[in-house]
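# Analysis of the macromolecular model
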Amino acid sequence: MPRLVQMAPSILSADFLNLERDIQLLAESTEPPEWFHIDVMDGHFVPNLTIGPSFVRELKRITQVPLDVHLMISNPHVQLDWYLDAGADLLTIHIESLRPHARGGLKGRSATINDLTAEEIVKGIQLLERIQDAGAMAGLAINPATPVSLLKPFYSYIDLVLLMSVHPGFGGQSFIPESTVRMKEIQHELNLLSAPVLIEVDGGIDSKTAPLAIEAGALVLVAGNAIYGKDDPVAAMESIRSVVSPCGRLCV
Ligand code: DX5
Ligand code: ZN
């Protein structure tokens, strides 16, 4: 059965002073995106700083397109409910943020862990259950240098894995080629478990890298610079979709 590719334009690369215009441009196009990807950065877990829950609430007010909220924050347990209340449809936390004080460095480095304690795993499962109990989809994100084997205990508790294909914090970076191997490993594990978990890929996705990501198992494509960084974001989104899903949204 053909798989339906889902587009998640990242508003990080949109014009923040004309954000409503940029949102409606894609939302009202012939083939609107399945999600808007919203990057929440706290200036600690990643070096950059973006938006908070009140902003998400305002976005929810202006579009019917579901909101995919990517929390790049330390201590997600403190703020989780704020984003659920604000209307996140998919809420993703980072596996590295289960380790207290984990933080990223400057551009090109990001928070990394090599193991998890039993206590941290339990804490993570509780957070993911809190998201699902609130009626949202639960996502778990992983940074480029964290082993994907650490995701295993969580596969029964999540709807989606967000694989970072750049070090988070900034838009417009280049896709890290090893990301495809990591996605294949995750897909292999999900197949063994028959776990209904989507793979989302985030960072450096454009019409050249999108086919590599899809071939490796991704189904949800985040793209910021390759959509909102272009003069015609609608055409840019359609061109990425068309290289991976020739019949577009009708491909089911
Ligand atoms: C990076 C963010 C991404 C970013 C992707 O930290 O998580 O969502 O917007 O941007 P591009 O597609 O430009 O790499
Ligand atoms: Zn993101």
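Residues numbered from 1 in each chain as written. Chains lettered and ligands numbered in written order. Predicted model: local features only at pLDDT ≥ 70, side-chain atom pairs only at ≥ 80, totals over all residues. Heavy atoms only, no water.

Here we come to unusual backbone geometry. Residues other than glycine seldom take positive phi values, yet N75 does so here, at roughly 55°. Among the secondary structure elements, N75 is positioned in the loop between β3 (67–72) and α3 (76–86). In this structure, S194 is a non-glycine residue whose phi angle is positive, near 50°. Positionally, S194 belongs in the loop between α5 (179–193) and β7 (198–202). (Helix = DSSP H or I, 4+ residues; strand = E, 2+ residues; numbered from the N terminus.)

Within the protein, the atoms that donate to the zinc ion (ligand 2) are H37 (NE2), D39 (OD), H70 (ND1) and D202 (OD), at distances of 2.1 to 2.3 Å. For the zinc ion (ligand 2), the six donor atoms are set out with angles of 70 to 169° between them, so the coordination reads as octahedral. Along the chain, the residues donating to the zinc ion (ligand 2) are arranged with the sequence spacing H-x1-D-x30-H-x131-D. Of this pair, H37 sits in strand β2 (residues 36–41) while H70 sits in strand β3, and the two are 33 residues apart along the sequence. Side by side, H37 and H70 carry an identical accessibility label, which is buried. (Donors = N, O, S within 2.8 Å, 3.2 Å for Na, K, Ca; no water. Tetrahedral: all angles 85-135°; square planar, octahedral: opposite > 155°, others 65-115°. Buried < 20%, exposed > 50% of the residue type's maximum accessible area, 1.4 Å probe, protein only.)

Throughout the structure, instances matching the rule amount to one cavity of 30 Å³ or more. Each pocket or cavity is described by its volume, and for the largest cavity that value is around 30 Å³. Lining the largest cavity, in full, are I11, L12, F16, I38, D39, T50 and I51. Tallied by class, the residues present in the lining of the largest cavity amount to five nonpolar, one polar and one charged. (1 Å grid on protein atoms, 1.4 Å probe; cavity = no way out; pocket = protein on both sides within 12 Å on 5 of 7 lines; lining within 4 Å. Points joined across faces, edges and corners; volume = space filled by probe spheres on them. Nonpolar A, V, L, I, M, F, W, Y, C, P; charged D, E, K, R; others polar.)

Moving on to the pattern of salt bridges. Summed over all chains, the structure comprises 10 salt bridges. One salt bridge in this structure joins E34 and R241, with 3.1 Å as the shortest N-O distance. Linking E34 in the loop between α1 (19–27) and β2 with R241 in helix α8 (residues 233–244), this pair joins segments that are 207 residues apart in sequence. R241 gets classed as buried once you look at its relative accessible area, which sits at 2%. Several salt bridges converge on common partners, so that one network encompasses D15, R21 and D22. (Salt bridge = Lys/Arg side-chain N within 4 Å of Asp/Glu carboxyl O.)

Turning to the sheet that holds β2, a few remarks are in order. The strand order β1-β8-β7-β6-β5-β4-β3-β2 describes an open sheet built from eight strands, whose pairing is parallel. In the strand order of this sheet, the two ends are held by β1 (6–9) and β2, each with one partner. Within the sheet, the average angular offset between the axes of one strand and its neighbour, ignoring direction, is 25°. The pairing of β3 with strand β4 (residues 90–94) spans three bridges and is classified as parallel. Bridging from a neighbouring strand, V69 pairs with L91 of β4. Those strands touched by helix α2 (residues 53–62) are β2 and β3, and its axis lies near 170° from that of β3. (Pairing = 2+ DSSP bridges. Axes fitted to C-alpha atoms, helices over the stretch in contact; angles between N-to-C directions. Contact = heavy atoms within 4.5 Å.)

With respect to the secondary-structure elements, S29 resides in the loop between α1 and β2. When its relative accessible area of 13% is taken as the criterion, S29 is described as buried. Excluding its chain neighbours within four sequence positions, the residues that come into contact with S29 are V234 and M237.

Across the five residues of β4, five count as buried, placing the element largely inside the fold. Side chains of β4 alternate between two faces, with L90, T92 and H94 and L91 and I93 buried alike. Read from β3 through α3 to β4, the crossover connection turns out right-handed. Summarising the sheet, β4 and strand β5 (residues 137–142) pair through five bridges and their orientation is parallel. (Right-handed = clockwise from strand over helix to strand, strands pointing away.)

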